[in-house]
Amino acid sequence: MDKCFHCGDPCIEQTICHDEKKFCCTGCKLVYEILSENDLGNYYNLEHNPGTSPSSFKDKFNFLENEEIVSKLLEFNEQEVQVVNLSIPSIHCSSCIWVLENLQRIHKGVKSSQVDFPKKSVRVTFNSTELDLKALALLLASIGYEPYISLEDYEEKDKKIDRSLIYKLGVAGFAFGNVMFLSFPEYFEVQEFWLDRFKGLFRWMMFAFSLPVVFYAGFDYIKSAYKGIKSGILNIDIPIALGILVLFIRSTIEIVFDLGTGFLDSLTGLVFFLLLGRFFQQRTYAYLSFDRDFKSYFPIAVTRLLKLDGEIKEDQVPIYKIEKGDRLLIRSGEILPVDAVLLSDKATMDYSFVTGESDHVSKYMGEILFAGGRQQSGLIEVEAIKNVEQSYLTSLWSNDIFKKKRHSSFQTLVDRISKRFTVSIISIAVIGAIIWLFINPLTAINVFTAVLIVACPCAIALSTPFTMGNMLRIYGNMGLYLKESVIIERMAQVDTIVFDKTGTITTSSSSQIEYQGIPLTSQEELNLTSTLRGSNHPLSRALYQELKKNNILPALDDFKEVAGKGLISRINEVVIKVGSSSFTEAQSTIETNVETAVHINYNDTYKGKFTFKNKYRQGVYDLFRNLSTQYGLHVISGDNAGEKQKLQDLLPPSVRLQFNQQPEEKLNYIKNLQSQGARVMMVGDGLNDAGALAQADVGISIAENVNVFTPACDGIMDAGILKRMDGVITLSRKAVNIIKWCFALSFFYNLIGISIALSGLLTPVMAAILMPVSSLSVVAFTTIMTNYMGRKFNKKNF
């Protein structure tokens, strides 16, 4: 059978020849002509059969005919010019960018298009009189770049980007550079007429530069210290705020009364380095979403059936306008957005999206279908029994874990040390001042302020952001993308790890397929392969990929797919049935409820079955063996216990197995472990794991492709490095140890500085040298150590 040059599908109904190429429909031929006429024929050199047949998207974007929906999606709509930003998950290389940024050459209605590669999106400006949004979506889909439009896009508000840290860093850096420049004559005590004449002016200029640093760039530290004192918490910002205020007040007094130049260079430098550390720590992955809920997966609209003038008409309605009693039309592959009762004879639902159960569920007329199931059996009609807000899937997100601030009880290493540090520094300053009151009362106040100035925990405060910021980069290069740096410290404290089974320790890209029954002849196998080729059912496609060879397949004389049951084909008077045990009349076999199988029948003679078993990721056994020596391990799954024995044989005996776990049960399982004092990491992959991922101290989502949609989590891990998870966690512990070594280095500098301060000999020059040296040495140490640690890990594991 001929294959379409554009989309690669078999030309079943017709074969259209054009330009010595064959196409399955006029739509594919038209797209080819458009690309060729606009000098975009190189598109077909990028990938074999890269396009998609337009006919397969005929009704998919009907909801874009609804003006209310379109107005929500458009960024700009004025004087026939419209602008829309569409998510294109299939963007993967420079060739994709080239095609998408040349859309105006494909359709004259497109004025311009710009790709945001990291976010996998394209922003298109088009003329609404020549091209509407639905036509644009169909155009993109026809060349292989189907836009993903979800309920989240419909509700999305303008996202404000917080650039305040960048502004504050810029102000502090500008002030620091100018204050240092103006301080040089004071450092070297240059005796020069004009310098002496303008010395006062230079000091007041330094004072002016310090004002925005104290009251804008560094004011967050003062506010945080105030809130900490008010709440009875001694955080690390208290000694920092004390240092900033003492530096500013003492410098102001010295300048006002012409006693000296003060410590404004140290003040501006302190705030600049602190903000630099915070900026370095705030490494984010803007193209990844760590906070998705069901809205990211739900469609914007659904087809509602209305009876008007005695006729049934279809109407595209936003799902939040669905009311109880509405009749809905759900197409194959669409997600049911509300709880409903089935009006059609039969439906096949895939609830893996919600429950994690990999098998399809057959439902019959009158039965209830729950929201979140993906419909897999052609067109069905349902009647809504609840609206979206009251549906089963929405109720999963009503759990308190998605509303409250997570991990509020977690204390970082800096939080734990800050209380002792603050008490110690203030005590030393007070004791030093009291001693000097008996020796030289005039020096007492200088000693008190000098101790607070030199012992400001700048080096301690910098060690964590630079270490963790560097670790975020190292993890990102490996394929682990963390939401924020504090997760690294939480990971280092984990003592229990819970794994989801399906899609996490098993791979979703392939299965192990075994045949049981009467051996098939080579011709029977070819006939079966030809039959399977015409079906889009996941099991049919998987079995077809397993059986297909380079042989020429026989042509089908007849073919029919019975929704929810199986396939029937006829080849040279041989009738082949492929599907469920009841459909293929497999009375002689015992069908268990714990296996997934495709049964085969030739001319009313049952032949046997192909059973599908999960294929476990490479290295799973070694991973669990290595982890079992240090962590409590659990495997929980929404699947039935069909593979319990296989898992018991594969994994160490200490691993606890739980099956048939619904999403809420997974969440409660994590909560129960935490109530026993465990610090839990949850490793999952699907929406059904979202509650457990949110409840866990650390939630990691496994993804075959990190750019596709993942549930709310703390981090997204490329499936390829799952087998290295033991080393990944070990790295987090080593990172915490590096911070502890930085604390020791900082303690050494503070010992020197405090000794000088207590002697009453601290000068602005000494402070200007000691504070930057301590900060830079800590930054250099942590950078060198983390890079060395990362290279060593990569060399050992990759």
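Structure's up top.
Cut-offs and rules
Residues numbered from 1 in each chain as written. Predicted model: local features only at pLDDT ≥ 70, side-chain atom pairs only at ≥ 80, totals over all residues. Heavy atoms only, no water. Helix = DSSP H or I, 4+ residues; strand = E, 2+ residues; numbered from the N terminus. Buried < 20%, exposed > 50% of the residue type's maximum accessible area, 1.4 Å probe, protein only. Contact = heavy atoms within 4.5 Å. Areas by Shrake-Rupley, 256 points an atom, 1.4 Å probe, with all protein chains shown as cover. Expected span 1.5 Å × (residues − 1). Arc of directions from axis to C-beta. Salt bridge = Lys/Arg side-chain N within 4 Å of Asp/Glu carboxyl O. Core = buried A, V, L, I, M, F, W, Y, C linked by side-chain atoms within 4.5 Å. Axes fitted to C-alpha atoms, helices over the stretch in contact; angles between N-to-C directions. Parallel < 35°, antiparallel > 145°, perpendicular 65-115°, else oblique. Left-handed = near helix turned anticlockwise from the far one by under 90°. Pairing = 2+ DSSP bridges. Patch = residues over 30% accessible without salt bridge, like charges linked within 9 Å, V, L, I, M, F, W, Y side chains within 5 Å. Phe/Tyr/Trp six-rings, centres within 6.5 Å; stacked < 30°, edge-to-face > 60°. Lys NZ or Arg CZ within 6 Å of the ring centre and 35° of its normal.

Novice: Tell me about the overall build of the chain, and please be specific about residues and values.
Specialist: Looking only at helices and strands, the chain has 27 helices and 28 strands in total. Sorting the 798 residues of the chain into buried and exposed places 51% on the buried side. Long-range pairs, those at least 24 residues apart, make up 67% of the contacts in the chain with a sequence separation of at least 6. Entry remark: accessible area of the chain is about 37,900 Å², with carbon and sulfur atoms responsible for 54%.

Novice: Help me get a handle on helix 24 (residues 663–675), residues and values and all.
Specialist: Counting along an α-helix, one turn takes 3.6 residues, and residues three or four places apart therefore face a common direction. The terminal C-alpha atoms of helix 24 lie 19 Å apart, and with 13 residues this matches the ideal 18 Å at 1.5 Å per residue to within 8%. Listed as buried for helix 24 are Pro663, Lys666, Leu667, Tyr669, Ile670, Leu673 and Gln674. Buried residues of helix 24, seen end-on, are gathered within an arc of 155 degrees and therefore sit on one face of the element. Phi for glycine 677, located one or two positions after helix 24, is positive at around 95 degrees.

Novice: Give me the lowdown on the pattern of salt bridges, citing residues and values where you can.
Specialist: Scanning the entire structure with this criterion turns up 17 salt bridges. As a salt-bridge pair, glutamate 524 and lysine 607 come within 3.2 Å of each other at their nearest N and O atoms. Of the two residues, glutamate 524 sits in helix 20 (residues 522–533) while lysine 607 sits in strand 23 (residues 605–616), which places them 83 residues apart along the sequence. A single burial state applies to glutamate 524 and to lysine 607, both of which are buried. Connected through shared salt-bridge partners, Lys168, Asp220 and Lys223 make up one network.

Novice: Which residues make up helix 16 (residues 441–454), and what values do they have?
Specialist: For helix 16, spanning 14 residues, the distance from its first C-alpha to its last is 21 Å, which sits close to the expected 20 Å at 1.5 Å a residue. Turning to helix 16, its buried residues number three or more, namely Thr443, Ala444, Val447, Thr449, Ala450, Val451, Leu452, Ile453 and Val454.

Novice: Account for the nonpolar core, naming residues and giving values.
Specialist: Ranked by internal contacts, the top residues of the largest apolar core, which has 110 residues, are Ile497, Phe499 and Met681. In terms of residue count, helix 26 (residues 725–758) provides more of this core than any other element does, 13 residues in total. Other than its neighbours up to four places away in sequence, phenylalanine 499 contacts Thr504, Ile505, Leu623, Phe624, Leu627, Leu633, His634, Val635, Ile636, Val683, Leu722 and Met725. One finds Phe63, Leu100, Ile149 and Ala301 within the second-largest nonpolar core, a separate group that totals 32 residues.

Novice: A description of the packing of helix 10 (residues 199–217) against helix 12 (residues 237–256) should follow, citing residues and the corresponding values.
Specialist: The N-to-C vectors of helix 10 and helix 12 enclose an angle of 155 degrees; their axes lie 11 Å apart at closest approach. In terms of axis orientation, helix 10 runs roughly antiparallel to helix 12. As for how helix 10 packs across helix 12, the hand of that crossing is left-handed. Residues Arg203, Trp204, Phe207, Ser210, Leu211, Val214 and Phe215 of helix 10 touch helix 12, and the partners they reach there are Ile244, Phe248, Thr252, Ile255 and Val256.

Novice: Now, about the pairing of strand 21 (residues 574–579): what can you tell me, with residues and values included?
Specialist: Across six bridges, strand 20 (residues 566–571) lies against strand 21 in antiparallel orientation. Following the sheet pairing, serine 569 is matched in strand 21 by isoleucine 576. Linkage of strand 20 to strand 21, two consecutive antiparallel strands, is achieved through a turn of two residues, within which asparagine 572 is found at a positive phi near 50 degrees. Summarising the sheet, strand 21 and strand 22 (residues 596–602) pair through four bridges and their orientation is antiparallel. By the bridge assignment, isoleucine 576 is partnered in strand 22 with tyrosine 602.

Novice: Give a description of the sheet that holds strand 15 (residues 380–384) that names residues and reports values.
Specialist: Each strand in a sheet pairs with another by means of backbone hydrogen bonds, the pair being arranged parallel or else antiparallel. Strand order in the open sheet formed by six strands is 8-7-9-15-10-13, and the pairing between neighbours is antiparallel. Because the sheet does not close on itself, it has two edges, and the strands there are strand 8 (311–318) and strand 13 (368–369). Bridge analysis of strand 9 (residues 327–330) against strand 15 gives four bridges, and the strand direction is antiparallel. Each bridged residue has a counterpart across the sheet, and for isoleucine 330 the counterpart in strand 15 is isoleucine 380.

Novice: So what about the side chain of serine 463? Which residues, and what values?
Specialist: Here serine 463 is to be found in helix 17 (residues 458–478). When its relative accessible area of 0% is taken as the criterion, serine 463 is described as buried. Beyond its immediate chain neighbours, meaning those up to four positions away, serine 463 contacts Ile739, Cys742, Phe743, Val778 and Thr782.

Novice: Lay out a nonpolar patch on the surface in plain terms, naming residues and giving numbers.
Specialist: Taken together, the side chains of Ile426, Val430, Ile431, Ile434, Ile435, Leu437, Phe438 and Ile439 make up a nonpolar region of the molecular surface, amounting to roughly 780 Å² of accessible area. Locating isoleucine 434 in the fold gives a position in helix 15 (residues 413–439). Residue isoleucine 434 is classed as partly exposed on the basis of its relative accessible area, which comes to 42%.

Novice: Go over the packing of aromatic side chains with me, naming the residues and quoting the values.
Specialist: Under the counting rule described, the total for this entry stands at ten aromatic pairs. Each ring, one from phenylalanine 176 and one from phenylalanine 273, has its centre 6.1 Å from the other, and the planes form 65 degrees; the classification is edge-to-face. Of this pair, phenylalanine 176 sits in helix 8 (residues 164–188) while phenylalanine 273 sits in helix 13 (residues 264–281), and the two are 97 residues apart along the sequence. What makes phenylalanine 176 buried here is its relative accessible area of 17%. Among the aromatic residues, those joined into a cluster by ring pairs are Trp204, Phe207, Phe215 and Phe248. Positioned above the aromatic ring of tyrosine 216, the side-chain terminus of lysine 168 is 5.8 Å from the ring centre. When the ring centre of phenylalanine 583 is taken as reference, the NZ or CZ atom of lysine 577 above it lies at 5.9 Å.

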